[in-house]
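# Tertiary structure, described
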Amino acid sequence: MDFDTIVIGGGLVGAATAYGLTQQGSDTALLDEGDIAFRASVGNFGLIWVQSKGDGMPDYARWTRRSADLWPGFAARLAALSGFDIGFRQPGGLQLCLDEEKLAERQLFLERMHNQKGAGDYQGRLLDRAETKSLVPAIGPRVVGASFCPHDGHVNPLLLLRALHLASCNSGLTYLPGPPVVSIRPRGEGYLVRRRDGTETSGHRVVLAAGLGNADLAEGLGQRFPVRPQRGQILVTQRTRRFLDLPIATLRQTEEGTVMIGDSKEDAGFDTGTNVHTSRAMAGRAVLAFPHLADVPVVRTWGALRVMSPDGFPIYQTWPDLPGVFALGCHSGVTLAAIHAEVLAPAIAEGFLPDETVVFRAERFNVQNSTAT
Ligand SMILES: Cc1cc2nc3c(=O)[nH]c(=O)nc-3n(C[C@H](O)[C@H](O)[C@H](O)COP(=O)(O)OP(=O)(O)OC[C@H]3O[C@@H](n4cnc5c(N)ncnc54)[C@H](O)[C@@H]3O)c2cc1C
């Protein structure tokens, strides 16, 4: 089978890219491990989050904001092509502060974000307790204020992934779940991609979008794609009365009425387990913010692995010796789904990465390493 493009990895990054490629008329195959895979995309929190993104890298703040701006049109097109609503809402988002020290830190953070040259039109601002309470009346007495950004939103991440797969298949994608890809070899004008069971697929271009699997795939090509797992744990409560219309960085109420709580960051290797210590700490913070949650039972908890680069910002990579090979990875695959589908994928269909992504190349880590020594 000779495809225009082979995308390896059917998580949010690969699926958004494959969707975008099919919208360009590119004959695309998506090679994925299917439901047994390690997937950040099925364990995440569902935020489209702008307010905290890009501290120290204004290009990332701009890239994120652009994606958030694309989201309404992207969600509408996706709904039309997939046939269902993915629960996208963009009412703005809050990060709550539980003491004066945290509020002062947040103020400094917002000032830094505003003062970053080249970060675009950043609109995060600080709210005092009264303003916060007018937006979210259910906050408890410990909440002293919050930061607010009008471009933040949320979505049902499972429906988003499903809609991307469905819309792509409805637009001509060839979806090939199966064993992992083990090698990519140049062949003629393109590449031959081989899976563990020996089956091969050929294509003119190859996109590595295998999340944490990109490190090994790149290594097989003699290249570096430095990503590591960072575990996040999430709690979900029983359905409860509606008290929250806009997402909070660490807590959101879903369309169905459950409350998702999650703000942990742990180095646990590839262990997707959970532990009571972290659950208790997260639940405790949630109850300080919203005391009525003390009476709402937690019904589910899970751990999932973020795809983290050394500085936490995305990596979008090509290599001069491997024309037509692209490698993509990021830890904000929900937020960036719109820009991956509508800006990155069309450029890949043309055979290049957009100029504005040059700053996201992995070579930036070489510079950091050499200045550090
Ligand atoms: C707890 C948690 C909360 C998060 N919250 C948010 C949030 O609120 N907002 C946000 O924007 N982002 C959030 N994220 C991040 C987001 O989920 C990830 O950025 C995104 O899911 C990464 O998608 P991916 O496709 O790169 O990787 P994955 O979802 O991990 O998918 C990788 C895919 O590649 C496939 N694969 C791997 N190796 C191979 C191989 N060799 N051959 C074939 N296929 C292969 C796997 O089968 C898998 O399907 C969160 C992540 C976590 C863990």
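Remember, predicted model here, so these are calculated numbers, not experimental data.

### Considering the site of the ligand
Residues in contact with the ligand amount to 36 residues; listed here are only the nearest, D32, A37, R39, S41 and G333. One of the side-chain nitrogen or oxygen atoms of S41 is found 2.4 Å away from an oxygen atom of the ligand. Take T335: an N or O atom from its main chain is 2.9 Å from an oxygen atom of the ligand. Calculation on the ligand without its partners gives an accessible area of 1,000 Å², and the protein chains cover 94% of this total. Listed by contribution, the elements that provide at least two residues to the shell around the ligand are helix 1 (12–23), strand 2 (28–32), strand 12 (228–237) and strand 15 (298–308). Grouping the amino acids of the shell around the ligand by side-chain chemistry returns 17 nonpolar, 15 polar and four charged.

### Brief notes about the packing of helix 2 (residues 58–82) against helix 8 (residues 337–350)
Axis separation between helix 2 and helix 8 bottoms out at 7 Å; the angle between their running directions is 85°. Taken together, the axes of helix 2 and helix 8 lie roughly perpendicular to each other. Where helix 2 approaches helix 8, its residues W63, R66, S67, L70, W71, F74 and R77 are matched on the opposing element by A337, A338, I339, A341, E342, V343 and L344. A per-class count over the contact of helix 2 with helix 8 returns ten nonpolar, one polar and three charged.

### Remarks on the sheet that holds strand 13 (residues 251–253)
If you walk across this open sheet you meet the four strands as 13-14-12-15, and the pairing is antiparallel. Every other strand in the sheet has two partners, leaving strand 13 and strand 15 as the edge strands with one partner each. Taking each pair of neighbouring strands and ignoring which way they run, the sheet shows an average axis angle of 20°. Packed onto the sheet, helix 7 (residues 276–289) meets strand 12, strand 13, strand 14 (259–261) and strand 15 and runs at close to 55° relative to strand 12.

### Topic: the sheet that holds strand 6 (residues 145–149)
The sheet built from three strands is open, its strands ordered 4-6-5 with antiparallel pairing. The sheet is open, and its two edges are formed by strand 4 (93–97) and strand 5 (125–128), each paired on a single side. Ignoring strand direction, the axes of neighbouring strands in this sheet form an average angle of 30°. Of the strands in this sheet, strand 4, strand 5 and strand 6 touch helix 3 (residues 100–115), which is tilted by about 155° from strand 5.

Calculation criteria
Residues numbered from 1 in each chain as written. Predicted model: local features only at pLDDT ≥ 70, side-chain atom pairs only at ≥ 80, totals over all residues. Heavy atoms only, no water. Near = heavy atom within 4 Å. Polar contact = N/O pair within 3.5 Å; in protein donor to acceptor, adjacent residues only side chain to side chain. Areas by Shrake-Rupley, 256 points an atom, 1.4 Å probe, with all protein chains shown as cover. Helix = DSSP H or I, 4+ residues; strand = E, 2+ residues; numbered from the N terminus. Nonpolar A, V, L, I, M, F, W, Y, C, P; charged D, E, K, R; others polar. Axes fitted to C-alpha atoms, helices over the stretch in contact; angles between N-to-C directions. Parallel < 35°, antiparallel > 145°, perpendicular 65-115°, else oblique. Contact = heavy atoms within 4.5 Å. Pairing = 2+ DSSP bridges.

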